[in-house]
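# Descriptive analysis of the structure
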Amino acid sequence: MSGTEEAWTVARLARTIKHRVEDDFPAVWVRGEVVGVKRYPSGHLYFGLRDAEAKVDCTMWKFAAARLREPLVEGTEVFVLGTASVWEERTALRFNATQVLPAIGVGAQAQAIEQVKQRLLADGLLDPGRKRTLPPYPSRIAIVTSVAGAAVRDIITVATRRWPGIELLVINSAVQGDAAPGELVAALEIVARLERIDVCIIGRGGGAKEDLAAFNNEAVCRAIAATPVPVISAVGHEVDVTLADLVADVRAATPSQAAEFALPDRRDIAARVAVLRAGFVSATLDLLSTRQQRLTRTRDRMGAALLDRLRGAERRLLTARGRLAPALARHVKRPATRLGHLETRLRPAMRHRLDRWEAALRQHAAQLHALSPLNVLGRGYAVARARDGRVLRHVADLGEGTQFTLSVADGTVVARVEEG
Amino acid sequence: MTEKPTSLDQDLRRLEEIVRTLEDDELVLESALQLFEEGVGRLKAAQKRLEEAETRVMQVLKDAETGGLRTEPLDG
């Protein structure tokens with residue numbers, strides 16, 4: 001404890017008390033009864049707040065007093081938002097009020113909302129099981145909101161960024177005030193009549209709590225539940241959850257967030273398409289190269305078999321000639337000539353046969369080559385198909401007047417046989 | 001040849017199916033060619049959908065007398 005030589009001045013005491021009270025004092029809501037209301041010509045307002053045990057003097061500065069929706073009435077219950085402050089001149093504590101709400105009204109409103117909620121619950125409209133999932137790739141979105149509000153612009157901005165090409169159908173409705181519930185219900189009825197709608201967003205930009213009344217309206221909630229497509233609520237209030245939010249299939253805090261929920265991001269989808277394209281191309285190439293290898297192997301085996309036979313025939317021919325020559329030499333007068341004749345006849349015959357085998361081998365090889373899908377796809381061969389997709393291979397399939405489709409590298413045309 | 005419009009969702013799902021089928025070794029070449037053609041078409045459609053650039057914003061209005069609906073462009 002300090003000695004008298006260190007005595008504080010009164011001003012220091014007052015300043016210290018003021019700092020101790022005001023520093024870090026949070027803004028709080030206080031509930032109490034209004035007493036002793038005085039309005040000064042300056043516009044400032046003075047009143048007391050009390051309950052059964054205590055009383056606090058309050059000030060409300062001109063700028064805050066000007067925003068009061070209703071004048072303070074002596075003896076009424078109110079909620080007052082403010083912070084503690086000390087009036088230095090008298091070291092007197094004042095609660096500095098910035099906002100006043102009627103406690104009775106708020107209580108009654110909350111009670112009314114609770115009653116609506118109970119009715120919605122009883123009818124099963126708040127069951128988690130009836131929440132519908134949003135379609136992954138919507139093409140038409142209905143938006144119920146005020147065309148004059150910020151919500152529409154926010155949604156358009158996000159939609160254009162994420163998923164351009166989307167069609168947005170806006171149904172105008174008041175979102176606050178007495179007309180709002182009726183207009184919202186009428187707008188939702190219009191949504192139900194529109195065709196090919198994938199998702200409906202109902203909402204508004206941010207605002208004060210009192211403005212949310214339309215979104216706690218029973219008829220609006222039931223209209224949301226009756227909407228034939230999934231509904232995203234976007235009431236634009238991070239903190240307060242309205243009944244509309246509870247009935248909607250998805251709740252978004254803001255209209256921008258609603259658009260994000262409703263629409264995929266084109267960059268994600270582009271990445272998915274790129275992966276699919278790569279998979280598609282490599283699967284096709286794999287398939288074709290497997291077939292190609294199989295064909296090549298078959299062709300090689302056939303070729304080898306044919307060559308073996310040709311060699312065998314050649315050997316037999318040589319052997320035959322080797323045996324013929326001495327036999328002829330023994331039995332024929334002019335063996336050399338006879339042999340020469342025979343050889344002259346045999347050679348072309350054998351040559352002819354060899355030529356035929358070779359031609360057959362070539363033809364088989366060519367057929368195998370033609371069957372190779374790489375050629376079909378890449379080198380301009382055409383595939384003729386009947387209308388049922390069957391591949392037409394024979395002239396017999398192509399009678400005069402037959403209609404068929406002809407697939408070439410870049411597409412398909414319908415063709416008709418002119419002369420069968 | 002006219003194509004009936006498919007949704008992007010359908011296109012992507014079908015493409016996944018086609019890739020899986022193409023990876024099957026037992027596939028008949030004829031079917032592979034058909035799948036290849038279909039896959040190319042669907043890839044083109046998906047690509048085209050991704051390249052669409054214009055967001056259309058319409059306002060739906062209800063005629064007070066007839067109750068009929070009409071749409072008109074909404075000025076952003």
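The structure this text deals with has already been given above.
Presented here is a report on the structure given in the accompanying data block. (Residues numbered from 1 in each chain as written. Chains lettered and ligands numbered in written order. Predicted model: local features only at pLDDT ≥ 70, side-chain atom pairs only at ≥ 80, totals over all residues.)

Looking now at the overall build of chain B. When helices and strands are tallied, chain B shows two helices and two strands. In sequence order, the secondary structure elements of chain B are arranged as α-α-β-β. When contacts within chain B are restricted to residue pairs at least 6 apart in sequence, long-range pairs at least 24 apart make up 34% of them. (Helix = DSSP H or I, 4+ residues; strand = E, 2+ residues; numbered from the N terminus. Contact = placed C-beta atoms within 7 Å.)

Next up on the list: the packing of helix H4 (residues 150-162) of chain A against helix H8 (residues 255-262) of chain A. All names here are of chain A. Orientation of H4 relative to H8, taken along the N-to-C sense of each, is 35°, at an axis distance of 8 Å. In the crossing of H4 with H8, the sense of the turn from one axis to the other is right-handed. Packed against H4, whose contacting residues are Ala151, Asp154, Ile155, Val158, Ala159 and Arg162, the element H8 presents Pro255, Ser256, Ala258, Ala259 and Glu260 at the interface. Looking at the contact of H4 with H8 residue by residue, the class counts come to seven nonpolar, one polar and three charged. (Axes fitted to C-alpha atoms, helices over the stretch in contact; angles between N-to-C directions. Left-handed = near helix turned anticlockwise from the far one by under 90°. Nonpolar A, V, L, I, M, F, W, Y, C, P; charged D, E, K, R; others polar.)

A few words now on the pairing of strand E2 (residues 45-50) of chain A. Residue and element names in this part refer to chain A. What you see with E2 is a clean split: Leu45, Phe47 and Leu49 sit on the buried side and Tyr46, Gly48 and Arg50 on the side with no burial. Hairpin connection between strand E1 (residues 28-39) and E2: a loop of five residues separates the two successive antiparallel strands, and Gly43 in this loop has a positive phi of roughly 100°. In the sheet, E2 pairs with strand E3 (residues 55-60) via six bridges, with the strands oriented antiparallel. By the bridge assignment for E3, Phe47 is matched with Cys58. (Buried ≥ 20, exposed ≤ 12 C-beta atoms within 10 Å, placed from the backbone. Pairing = 2+ DSSP bridges.)

Moving on to the packing of helix H1 (residues 8-22) of chain B against helix H2 (residues 29-51) of chain B. Describing two packed helices takes the angle between their axes plus the distance from one axis to the other. All names here are of chain B. Viewed as axis vectors pointing N to C, H1 and H2 meet at an angle of 145°, and their least axial separation amounts to 9 Å. Note on packing geometry: the crossing formed by H1 with H2 is left-handed. For the pair H1 and H2, contact is made by Leu8, Asp11, Leu12, Arg14, Leu15, Ile18, Thr21 and Leu22 and by Ala32, Leu35, Glu38, Gly39, Arg42, Leu43, Ala45, Ala46 and Arg49, respectively. Within the contact of H1 with H2, the residues separate by chemical class into ten nonpolar, two polar and five charged.

On the chain A side, the residues contacting the 40 residues of chain B number 39 residues. Those elements that provide at least two residues to the side of chain B that touches chain A are H1, H2, strand E1 (56-62) and strand E2 (69-73) of chain B. Of the residues forming the side of chain B that touches chain A, the biggest block, 13 residues, is contributed by H2 of chain B. Considered class by class, the residues forming the side of chain B that touches chain A number 21 nonpolar, eight polar and eleven charged. One ladder, built from four bridges, connects strand E7 (residues 167-172) of chain A with E1 of chain B; its direction is parallel. Bridge pairing links Leu168 of chain A to Val57 of chain B in E1 of chain B.

What follows concerns the sheet that holds strand E5 (residues 92-102) of chain A. All names here are of chain A. Here five strands make up a closed barrel; going around it, the order is E1-E2-E3-E5-E4 and the pairing mixed. Along the sheet, successive strands turn relative to each other by an average axial angle of 50°, direction set aside. One ladder, built from six bridges, connects E1 with strand E4 (residues 77-87); its direction is antiparallel. If you follow Arg31 over to E4, its bridge partner there is Phe79. Taken strand by strand, helix H1 (residues 10-22) contacts E4 and E5, and its axis lies near 145° from that of E4.

Our focus in this paragraph is the nonpolar core. By size, the foremost hydrophobic cluster in this structure holds 51 residues, and its most contacted members are Ile143 and Ile201 of chain A. Here this core gets six residues from one element, more than from any other, and that element is helix H5 (residues 180-193) of chain A. Not counting chain neighbours up to four residues away, the residues in contact with Ile201 of chain A comprise Ile141, Ile143, Ile155, Ile232, Ala234, Ala258 and Ala262 of chain A. Counting residues in hydrophobic clusters, the runner-up holds 16 residues, among them Val273 and Phe280 of chain A together with Val19 and Phe36 of chain B. (Core = buried A, V, L, I, M, F, W, Y, C linked by C-beta atoms within 7 Å.)

Let us look at H4 of chain A. Along an α-helix, residues three or four positions apart point the same way, because every turn accommodates 3.6 residues. Compared with the 18 Å implied by 1.5 Å per residue over 13 residues, the 18 Å span of H4 of chain A between its first and last C-alpha is a close match. Of all the residues in H4 of chain A, the buried ones are Ala151, Val152, Asp154, Ile155, Ile156 and Ala159 of chain A. Taken together, the buried residues of H4 of chain A touch strand E6 (140-145), E7, strand E8 (199-203), strand E9 (231-234) and H8 of chain A together with E1 of chain B. (Expected span 1.5 Å × (residues − 1).)

This next bit is on unusual backbone geometry. All names here are of chain A. A positive phi angle, close to 65°, is found at Asp24, a residue other than glycine. Here Asp24 shows up in the loop between H1 and E1. On the neighbour-count criterion, Asp24 (8 C-beta atoms within 10 Å) is exposed. At Arg196, a residue that is not glycine, the phi angle is positive and equals roughly 55°. Along the chain, Arg196 turns up in the loop between H5 and E8.

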